[in-house]
Amino acid sequence: MIKVLFFAGLREQLGCDALDVDAADIASIAQLRTRLAGKDAAWQSALASEQLQVAVNQRLATMHADVKDGDEVAFFPPVTGG
């Protein structure tokens, strides 16, 4: 299983802060994102942003990063400061 976390506005959009996804047939963040976006239109919309940030095991990663069973993946909107 891959533990998937959602933060900030993304969590609010999805109405979900975490879920477990079967790791079978998922080798990259891009594949995970595609599977999640296939849940329904709301998920597709929430995960469509090119500005979406991702971390694997609490380290920033790209959408092309590898992912495997037991990993923790976090999606979050871009962080801004002031």
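Residues numbered from 1 in each chain as written. Predicted model: local features only at pLDDT ≥ 70, side-chain atom pairs only at ≥ 80, totals over all residues. Heavy atoms only, no water.

With an unreviewed UniProt entry as reference, the protein chain is termed Molybdopterin synthase sulfur carrier subunit, source organism Microbulbifer harenosus. In its Sequence similarities (unreviewed entry) section, the UniProt entry covering the protein chain states "Belongs to the MoaD family." (UniProt positions renumbered as here; feature names shortened; annotations may be inferred.)

1. Observations concerning the sheet that holds strand 4 (residues 59-61)
Across a sheet, strands are paired by hydrogen bonds formed along the backbone, either parallel or antiparallel in direction. The mixed open sheet is built from five strands, whose spatial order is 2-1-5-3-4. The open sheet has two free edges, formed respectively by strand 2 (18-21) and strand 4, since each of these has just one partner strand. The mean angle between the axes of side-by-side strands here comes to 30 degrees, regardless of whether they run parallel or antiparallel. (Pairing = 2+ DSSP bridges. Helix = DSSP H or I, 4+ residues; strand = E, 2+ residues; numbered from the N terminus. Axes fitted to C-alpha atoms, helices over the stretch in contact; angles between N-to-C directions.)

2. Some details on the nonpolar core
Ranked by size, the top nonpolar core spans 25 residues in total, and within it Val 4, Phe 6, Ile 29, Leu 32, Leu 36, Val 73 and Phe 75 carry the most contacts. The dominant element in this core, judged by the number of residues it contributes, is helix 2 (residues 29-37), at four residues. (Core = buried A, V, L, I, M, F, W, Y, C linked by side-chain atoms within 4.5 Å. Buried < 20%, exposed > 50% of the residue type's maximum accessible area, 1.4 Å probe, protein only.)

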